[in-house]
Amino acid sequence: MAQGRGSAIIAAVLLCMFLLHSEMAQAATYTVGDAGGWTFNVAGWPKGKRFRAGDTLVFNYSPTAHNTVAVNKAGYNTCTAPRGAKVFQTGKDQIKLVKGQNFFICSFAGHCQSGMKIAVTAI
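*Asks:* Sorry if this is basic, but what is going on with the pairing of strand S3 (residues 68-71) here?
*Replies:* Successive side chains on a regular strand alternate, one facing one side of the sheet and the next facing the other. Inspection of the sheet shows S3 paired to strand S4 (residues 86-88) by 3 bridges, in the antiparallel sense. Across the sheet, the residue bridging to Thr68 is Phe88, located in S4. Across 3 bridges, the pairing between S3 and strand S6 (residues 100-105) is antiparallel. For Val69, the partnering residue across the bridge sits in S6 and is Ile105.

Now the structure itself:
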């Protein structure tokens, strides 16, 4: 009888490991703006894509000309970075998506207003 329980525990552990591995294997990497990179008029770039929590967005741009700021919905709608917003400025930013809504803008003057912003929902 103890041997049966031991086999069941081993099977359960293996199943958990398989499920965890499957979940990690599904994470994808997306380059924002595709070959054009993080630039003006990319607001429509997420359309038609299916994002998952844990996926990585790569923002490629010239750091002397742009940045990437993670904002909330109000910051996205008004093109303003709230106090304490995380500012990325490497030119090769890699940002992991969280479940739910994720908003990003460029905070350089006039850039967000010119469509340099994206809203991504990750499931």
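*Asks:* Mind showing me how you'd approach the environment of Lys96 here?
*Replies:* Here Lys96 lies in strand S5 (residues 92-96). The exposed category is assigned to Lys96, whose relative accessible area is 57%. Once the C-alpha coordinates of Lys96 and Leu57 are considered, the two residues, 39 residues apart in sequence, prove to be 6.3 Å apart. The residues touching Lys96, leaving out its near neighbours within four places in the chain, are Gly54, Asp55 and Thr56.

*Asks:* Is there a simple way to explain the sheet that holds S6 in this structure?
*Replies:* With respect to topology, 4 strands assemble into an open sheet ordered S4-S3-S6-S7, the strand pairing being antiparallel. The open sheet has two edge strands with one neighbour each: S4 and strand S7 (117-122). Averaged over all pairs of adjacent strands, the angle between their axes in this sheet comes to 25°, without regard to strand direction.

*Asks:* Looking at this structure, I do not really get unusual backbone geometry. What am I missing?
*Replies:* Note: most residues except glycine have negative phi, and most peptide bonds are trans. The backbone of Asp34 sits at a positive phi, close to 55°, despite the residue not being glycine. Here Cys79, not a glycine, exhibits a phi torsion of approximately 60°, which is positive. If you trace the backbone, Cys79 turns up in the loop between helix H2 (73-78) and S4. Judged by relative accessible area, Cys79 falls into the buried class, the value being 16%.

*Asks:* So what exactly am I meant to see when it comes to the packing of aromatic side chains here?
*Replies:* What characterises a pair of aromatic rings is the spacing of the ring centres plus the angle enclosed by the ring planes. The full count for this structure, using the stated rule, is 6 aromatic pairs. When the centroid spacing of 6.5 Å and the interplanar angle of 80° are considered together, the rings of Tyr30 and Trp45 count as edge-to-face. In this pair, Tyr30 is assigned in strand S1 (residues 29-31) and Trp45 in the loop between S1 and strand S2 (56-60), connecting sequence segments 15 residues apart. You'll find Tyr30 and Trp45 in the same group, each marked buried. Ring geometry for Trp38 versus Phe59: centroids 5.0 Å apart, planes at 90°, classification edge-to-face. Of this pair, Trp38 sits in the loop between S1 and S2 while Phe59 is found in strand S2, placing the two residues 21 residues apart along the sequence. Assessed through its relative accessible area of 1%, Trp38 is described here as buried. In this structure an aromatic cluster arises from ring pairing among Tyr30, Trp45 and Phe51. Stacked on the ring of Phe88, the Lys or Arg Lys86 has its end atom at 5.1 Å from the ring centre. Against the face of Tyr76 rests Lys117, its NZ or CZ located 4.4 Å from the ring centre.

Rules behind the numbers
Residues take numbers from 1 onward in each chain, read along the sequence in its written order. Selection of residues for local features in this predicted model requires a pLDDT of at least 70, selection of side-chain atom pairs for listing and counting requires 80 or more, and totals for whole chains, interfaces and linings are taken over all residues. Remark: hydrogens and water are excluded; side-chain values derive from all non-hydrogen atoms of the structure. Pairing between strands is defined by DSSP: at least two bridges between them are needed. Under the scheme used here, helices are H or I runs from DSSP no shorter than 4 residues and strands are E runs no shorter than 2 residues, and both carry numbers assigned from the N terminus. To sort residues, take the accessible area from a 1.4 Å probe on protein chains only and compare it with the maximum for the residue type: under 20% means buried, over 50% means exposed, and anything in between is partly exposed. Here, residues are in contact when the closest pair of their heavy atoms is within 4.5 Å. Interaxial angles span 0 to 180 degrees and are taken between N-to-C directions of axes, which are lines fitted to C-alpha atoms, for helices over the stretch in contact. Under the pairing criterion, centres of Phe, Tyr and Trp rings, with the six-membered ring standing for Trp, must be within 6.5 Å; the plane angle then separates stacked pairs below 30 degrees from edge-to-face pairs above 60, leaving the rest tilted. Our definition puts a charge over a ring when NZ of Lys or CZ of Arg is within 6 Å of the ring centre and also within 35 degrees of the ring normal.

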